[in-house]
Amino acid sequence: MKRALKNWKLKLGSIVIAVSLFGYVQYSHNVSRTVNVRVEPLELPEDLLLADRVPSFMAVTFFGSRDAINLEPSEFRIVLMKSRPRTGDNDYRAELTPDLPENITATYPERLKVYLDRADLRQLPVLPELDLTLQGDLELGYVSADPPAIRSRGPYQILADMDRLKT
C-alpha cells in the first residue's frame, strides 16, 4: 500500500494529463457543420390556411467526425408535424428526415409556431388606380377593369378587411 501511495501527486498528475490529451485528440476529430435544410410544405385541412409565413429553410448544425460529416444537405428535409391543426397559434414539431448516419448528431429548432386561419372566399371589385397628372395636351380617356371583380380565397382575417382590389 505504501508503494502505491509513493509519489501519488506525480501519478495523479500524469493521469490528469493523459485524460486531457485523450479528450483533446477525440475532440479535434469532431467537427460541426451548419447548413440550411428545406422545410416541407404543410398539409392543412381544406378549411384552414396559413395566415403567417412559414420559413422555407431552417438552420441545422451537424456534429460528427471529420470523415463522416460530408453530408449532402439536399438529401435532408424538415417535416412539420401536428395531429390536429386549429385556427390560431399552433405549435408544430419539426422532424429531420431521413435518419442521420451513425455517429452523426444534429441540432435544430424542435418546435415552430405557425398561425392558421380559416379559409374565406370573397368576390372583390377591381378598381383602377389612376395617376391623374397628365402632361401637355393629353386628356383622360375611358378607364375600365376587366374582369370587374375577382374571386379571392385567403385567410379570413385578411379578406375581412378588404373591400376592393386596386390595380
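The rules behind each value
- Residues numbered from 1 in each chain as written.
- Predicted model: local features only at pLDDT ≥ 70, side-chain atom pairs only at ≥ 80, totals over all residues.
- Heavy atoms only, no water.
- Helix = DSSP H or I, 4+ residues; strand = E, 2+ residues; numbered from the N terminus.
- Rg over C-alpha atoms; globule rule 2.2 N^0.38 Å.
- Buried < 20%, exposed > 50% of the residue type's maximum accessible area, 1.4 Å probe, protein only.
- Contact = heavy atoms within 4.5 Å.
- Phe/Tyr/Trp six-rings, centres within 6.5 Å; stacked < 30°, edge-to-face > 60°.
- Lys NZ or Arg CZ within 6 Å of the ring centre and 35° of its normal.
- Salt bridge = Lys/Arg side-chain N within 4 Å of Asp/Glu carboxyl O.
- Core = buried A, V, L, I, M, F, W, Y, C linked by side-chain atoms within 4.5 Å.
- Lys, Arg positive; Asp, Glu negative; His and termini not counted.
- Polar contact = N/O pair within 3.5 Å; in protein donor to acceptor, adjacent residues only side chain to side chain.

1. Brief notes about the overall build of the protein chain
(1) Moving on: Across its full length, the protein chain carries three helices and nine strands.
(2) Moving on: Ordering the α and β elements of the protein chain from the N terminus gives α-α-β-β-β-β-β-β-β-β-α-β.
(3) Moving on: The C-alpha radius of gyration of the protein chain comes to 31 Å, more than 25% above the 15 Å expected for a compact globule of 167 residues.
(4) Moving on: The principal-axis extent of the C-alpha atoms belonging to the protein chain is close to 110 × 50 × 30 Å.
(5) Moving on: The 167 residues of the protein chain split such that 21% are buried.
(6) Moving on: Contacts spanning at least 24 positions in sequence make up 67% of the contacts within the protein chain whose residues lie at least 6 apart.

2. Considerations on the packing of aromatic side chains
(1) Moving on: Taken as a whole and judged by the stated rule, the model has one aromatic pair.
(2) Moving on: Ring plane angle 45° and centroid distance 5.3 Å describe the contact between Phe62 and Phe76, whose orientation is recorded as tilted. Residue Phe62 is located in strand S3 (residues 57-65), and its partner Phe76 is located in the loop between S3 and strand S4 (77-81); the two are separated by 14 residues in the primary sequence. For the pair formed by Phe62 and Phe76, the shared burial category is buried.
(3) Moving on: Lying across the ring of Tyr156, Arg118 places its NZ or CZ 3.9 Å from the centre.

3. A short note on the pattern of salt bridges
(1) Moving on: Under the counting rule described, the total for this entry stands at five salt bridges.
(2) Moving on: Between Asp163 and Arg164 there is a salt bridge, and its shortest N-O distance comes to 3.3 Å.
(3) Moving on: Accessibility expressed as a relative area gives 35% for Arg164, which makes it partly exposed.

4. A few points about the nonpolar core
(1) Moving on: Within the largest apolar cluster, 20 residues are counted, with the highest numbers of intra-cluster contacts made by Val37, Phe62, Ile78, Leu80 and Leu96.
(2) Moving on: Looking at this core, the elements with two or more residues in it are strand S1 (30-39), S3, S4, strand S5 (88-97) and strand S7 (111-127).

5. As for the side chain of Asp120
(1) Moving on: With respect to the helices and strands, Asp120 occurs in strand S7.
(2) Moving on: Buried charged residue Asp120 carries no salt bridge. Nearest counter-charge: Arg122, at 5.0 Å.
(3) Moving on: With near-sequence residues (within four places) excluded, Asp120 lies in contact with Ser152, Arg153, Gly154, Tyr156 and Leu159.

6. Remarks on the side chain of Asp117
(1) Moving on: Secondary-structure assignment places Asp117 in strand S7.
(2) Moving on: Buried and unpaired, Asp117 has Arg118 as its nearest opposite-charge partner, separated by 5.7 Å.
(3) Moving on: Looking at Asp117, its side chain comes within polar contact range of the main-chain nitrogen of Gln157, at 2.8 Å.
(4) Moving on: The residues contacting Asp117, other than those within four sequence positions of it, are Asp47, Leu48, Leu49, Ala51, Thr87, Pro155, Tyr156 and Gln157.

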